Structure formats: structure tokens, C-alpha cells
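Results of the structural survey
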Amino acid sequence: MNTTLDLLKKNQKAVIANFDMHHVPLKLLEMGCLPGNDVELLEVAPFGDPLYLCINDTHLSIRKELAKEILIEIK
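Here the structure is a predicted model, which means the values were calculated and not measured.

**Here we look at the sheet that holds strand β6 (residues 70-74)**
Think of a sheet as strands paired side by side through backbone hydrogen bonds, with each pair either parallel or antiparallel. Taken together, six strands build an open sheet; the order of strands is β1-β6-β2-β3-β4-β5 and the sheet is antiparallel. The open sheet has two edge strands with one neighbour each: β1 (2-4) and β5 (58-62). In this sheet, neighbouring strand axes are inclined to one another by 40° on average, regardless of whether the strands run parallel or antiparallel. Pairing analysis gives three bridges linking strand β2 (residues 13-19) to strand β3 (residues 38-44), with the strands arranged antiparallel.

**So, the side chain of Thr-3**
Inspection of the secondary structure assignment puts Thr-3 in strand β1. Leaving out residues up to four positions away in the same chain, Thr-3 has contacts with Ile-70, Leu-71, Ile-72 and Ile-74.

**Thoughts on the environment of Ile-55**
Here Ile-55 is to be found in strand β4 (residues 51-55). Using a relative accessible area of 1% as the deciding quantity, one classes Ile-55 as buried. Measuring from C-alpha to C-alpha, the distance between Ile-55 and Leu-71 comes to 14 Å, with 16 residues separating the pair along the chain. Each residue touching Ile-55, except ones within four places of it in the same chain, is listed here: Ile-16, Met-31, Gly-32, Cys-33, Asn-37, Asp-38, Val-39 and Leu-60.

**Things to note about unusual backbone geometry**
Cis geometry marks the peptide bond from Asp-49 to Pro-50; its omega dihedral reads 5°. With respect to the helices and strands, Pro-50 occurs in the loop between β3 and β4. The phi dihedral of Asn-11 is positive, around 70°, even though this residue is not glycine. Looking at the secondary structure, you find Asn-11 in the loop between β1 and β2. Even without being a glycine, Asn-56 presents a positive backbone phi close to 45°.

**Notes on the nonpolar core**
Counting 21 residues, the largest nonpolar core has Leu-5, Leu-28, Val-39, Leu-53, Ile-62, Ile-70 and Ile-72 as its most contacted members. Breaking this core down by element, the ones donating at least two residues are β2, α1 (26-30), β3, β4, β5, α2 (64-67) and β6. With residues near it in sequence (within four places) discarded, Val-39 still touches Leu-5, Leu-8, Gln-12, Lys-13, Ala-14, Val-15, Ile-16, Leu-53, Cys-54, Ile-55 and Ile-72.

**A short note on the pattern of salt bridges**
A complete count under the given rule lists three salt bridges for this structure. Lys-75 is the partner of Asp-38 in a salt bridge, and the nearest nitrogen-oxygen pair spans 3.1 Å. Taken together, the residues span a long stretch of sequence, with Asp-38 in strand β3 and Lys-75 in the segment after β6 at a distance of 37 residues. When its relative accessible area of 35% is taken as the criterion, Asp-38 is described as partly exposed. With a shortest N-O distance of 3.1 Å, Arg-63 and Asp-49 are connected by a salt bridge. Pair noted here: Arg-63 is in the loop between β5 and α2 and Asp-49 is in the loop between β3 and β4, with a separation of 14 residues, a long-range link. For Arg-63, a relative accessible area of 52% corresponds to the exposed category.

Criteria and cut-off values
Residues numbered from 1 in each chain as written. Predicted model: local features only at pLDDT ≥ 70, side-chain atom pairs only at ≥ 80, totals over all residues. Heavy atoms only, no water. Pairing = 2+ DSSP bridges. Helix = DSSP H or I, 4+ residues; strand = E, 2+ residues; numbered from the N terminus. Axes fitted to C-alpha atoms, helices over the stretch in contact; angles between N-to-C directions. Contact = heavy atoms within 4.5 Å. Buried < 20%, exposed > 50% of the residue type's maximum accessible area, 1.4 Å probe, protein only. Core = buried A, V, L, I, M, F, W, Y, C linked by side-chain atoms within 4.5 Å. Salt bridge = Lys/Arg side-chain N within 4 Å of Asp/Glu carboxyl O.

Here's what the structure looks like:
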């Protein structure tokens, strides 16, 4: 099932499918946010933004607005 990263539920795992290179910062790509890599939503901030993720054993947080640009395939 394909969806966007912002719709992932807590502790749910997925694989990054695709994204628009113009919307995703280079820093995120360098930390492993690449198509084919595993992603898991670990926590959501109290007001729903940002999202705390684990992407290939790298922990990072991103804004929900950016997460809407990243397509994922839920495992």
C-alpha cells in the first residue's frame, strides 16, 4: 500500500518509495532518506509536528509538511 510518510502510524514500518528531489533537503538525503531504505515512526510531538523517525538506524525528526512529500510503501 503506497501512501505518504506523514500518514504513518506510531511504531509502523515502511520503505521509502519515492520523493521529489526539489522538496527534500540534501541534508536528509545524506542521513539516509533514500528510496529503498526502511523507515519507522518512533514518536509524534504533542501537537503532531515534528515526526521522530528511524531511517536505517539513523534517528531524526522532520516536519510534517516535508513528510507529505515522501512516498512510502507500508510493510
